[in-house]
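# Secondary and tertiary structure notes
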Amino acid sequence: MDIELLKKTAKQMVAPGKGILAADESSGTCQKRFESVGVPCTEENRRAYRETLLTADGLEQYISGVILYDETIRQETNEGEAFAAVLEKKGILPGIKVDTGAKELALHPGEKVTEGLDGLRERLAEYKTLGARFAKWRAVITIGKDLPSPACIHANAHAMARYAALCQEAGIVPMVEPEILIDGDHNIERCYEISTATLKKTFEELAGQDVAVEGVILKTSMVIAGKQAKSAEGGSSSGGQSGMEEVAKETIRAFKETLPAGLTGVAFLSGGQTDEQATEHLNAMNATGKLPWPLSFSYGRALQNPVLKIWAESPNANIAKAQAALLFRSKMNSLATQGRYSSEMEKERPY
Ligand code: 13P
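The following paragraphs examine the structure supplied in this document. Since the model is a prediction, treat every value here as computed from it, not as a measurement.

Where helix α2 (residues 27-36) contacts helix α3 (residues 43-54), the two axes come as close as 12 Å, and the packing angle between them is 80°. When the interaxial angle is binned, α2 and α3 end up roughly perpendicular. Contacts between α2 and α3 pair S27, C30 and F34 from the former with N45, R46, Y49 and R50 from the latter. The class makeup of the residues in the contact of α2 with α3 is three nonpolar, two polar and two charged.

Below, the structure is given as structure tokens:
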């Protein structure tokens, strides 16, 4: 294992003021997103949309890496330049989603386990030749009545550890993603309990497979009440929607309880938070002062929502406008990684 290479790449991913653009929606997820804005989800439309994202001028000021999907890492710009090469030229690290999706967990109705270990060594070797420097694997944990089960947390954590070991063997940084879904009516305390249990098990399993945490980036969700939790005035720790400071405080508390000191960094997913919430919460955490790990972003929807909408209105005419929206949201989140964002700045939105 080339630990120096892994450390260097991982540090680059969470370099000061930088975060990651998740553009690795599977064709199924892409279908849902495109449908919501009335664009047919053809291979050419997916390619043209991704080209709009990746060729935004100056993206490298805020974005250290982009996660691509199997189809996307094989695609090219209109001019015939491979997407991975476009990113490399800008000094942005190409990443790749390598799991093959969350499937029903046997004997556990309502729970999922992520698949994709079979043949992963060979797939990683190919992705490396295509330019991938880091890889993502997403595990899904659902909070519900009597959920998650210990079996679900264990199976997912173990699979993530095996994937992470294969990545490190290949010289590719694993971006280990246990996502605790925001769906449900649970309160923030319940999310705290499940988040800490999941993270604890994840790092136990990583250690069990001898994965070097210095060459790992954790991608996870914030500690936050479920979307359907009944609103209580001003947010409350016992029920209702969470307040901004509460999310920041509880997320940091969960990390301090479970993350190893040597971990290179954390990049959050947005998971259904609004664009502004995702930025505000990240900012609130980084505004608390010195933390043991860089806390950054690896947002999909919270970076792309306005971009996709603008692009879809007129895919040929709106490229520059869509790119301006991407640069703006990227900049806001870059400022949030430094605790320098304020909601006042949203007035400068170019969309
Ligand atoms: P969201 O930020 O839209 O949750 O997507 C991030 C991601 O990559 C989920 O795997």
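Below, the discussion takes up the pattern of salt bridges. Counted by the stated rule, this structure contains 25 salt bridges. E25 is paired through a salt bridge with R50; the nearest N and O atoms lie 3.1 Å apart. In this pair, E25 is assigned in the loop between β1 (19-22) and α2 and R50 in helix α3, connecting sequence segments 25 residues apart. A salt bridge links R47 to E44, with the shortest nitrogen-to-oxygen separation between them at 2.9 Å.

The next subject is the environment of Q228. Counting through the fold element by element, Q228 comes out in the loop between β8 (217-220) and α9 (244-258). Take Q228: its relative accessible area is 48%, and that puts it in the partly exposed class. Distance from Q228 to P150, taken between C-alpha atoms, is 24 Å for residues 78 residues apart in sequence. Only 2.6 Å separates the side chain of Q228 from the backbone nitrogen of G184, close enough to count as a polar contact.

What follows is about the packing of aromatic side chains. Counted according to the given criterion, the structure contains eight aromatic pairs. Residues F34 and Y49 carry aromatic rings whose centres are separated by 5.8 Å and whose planes lie at 85° to one another, so their mutual orientation is edge-to-face. Residue F34 is located in helix α2, and its partner Y49 is located in helix α3; the two are separated by 15 residues in the primary sequence. As far as the burial class goes, F34 and Y49 line up, both buried. Centroid distance F328 to Y351: 6.2 Å. Interplanar angle 75°. Geometry classified as edge-to-face. A residue pair is termed long-range when its members are at least 10 positions apart, and F328 in helix α12 (residues 319-337) and Y351 in the segment after α12 qualify at 23 residues. With relative accessibility at 10%, the residue F328 sits in the buried group. An aromatic cluster of three or more residues is present, and its members are F34, Y49 and W311. Note that R253 overlies the ring of Y192, its terminal NZ or CZ placed 4.0 Å from the centroid.

Let's shift gears to the side chain of T337. Relative to the assigned elements, T337 resides in helix α12. For T337, a relative accessible area of 14% translates into the label buried. If near-sequence neighbours (up to four positions away) are discounted, T337 is found in contact with G17, K18, L282, N286, L295, S296 and F297.

Looking at the ligand, there are 13 residues lining it, with K136, K219, S270, G271 and R301 nearest. In this structure, G271 approaches the ligand through a main-chain N or O atom, which is 2.7 Å from an oxygen atom. Bound to the protein, the ligand loses 91% of the 300 Å² it would expose on its own. Mapped onto the shell around the ligand, the elements with two or more residues apiece are β6 (134-141) and β10 (295-299). Looking at side-chain class alone, the shell around the ligand contains three nonpolar, four polar and six charged residues.

With that settled, the discussion passes to the environment of E205. You can see E205 is positioned in helix α8 (residues 188-208). Sequence spacing of E205 and A155 is 50 residues, and the spatial spacing of their C-alpha atoms is 9.9 Å. Those residues in contact with E205 that sit more than four places away from it in its chain are H154, A157, H158 and A161.

Cut-offs used in this document
- Residues numbered from 1 in each chain as written.
- Predicted model: local features only at pLDDT ≥ 70, side-chain atom pairs only at ≥ 80, totals over all residues.
- Heavy atoms only, no water.
- Axes fitted to C-alpha atoms, helices over the stretch in contact; angles between N-to-C directions.
- Helix = DSSP H or I, 4+ residues; strand = E, 2+ residues; numbered from the N terminus.
- Parallel < 35°, antiparallel > 145°, perpendicular 65-115°, else oblique.
- Contact = heavy atoms within 4.5 Å.
- Nonpolar A, V, L, I, M, F, W, Y, C, P; charged D, E, K, R; others polar.
- Salt bridge = Lys/Arg side-chain N within 4 Å of Asp/Glu carboxyl O.
- Buried < 20%, exposed > 50% of the residue type's maximum accessible area, 1.4 Å probe, protein only.
- Polar contact = N/O pair within 3.5 Å; in protein donor to acceptor, adjacent residues only side chain to side chain.
- Phe/Tyr/Trp six-rings, centres within 6.5 Å; stacked < 30°, edge-to-face > 60°.
- Lys NZ or Arg CZ within 6 Å of the ring centre and 35° of its normal.
- Near = heavy atom within 4 Å.
- Areas by Shrake-Rupley, 256 points an atom, 1.4 Å probe, with all protein chains shown as cover.

All quantities given are derived from atomic positions and should not be read as evidence of function.
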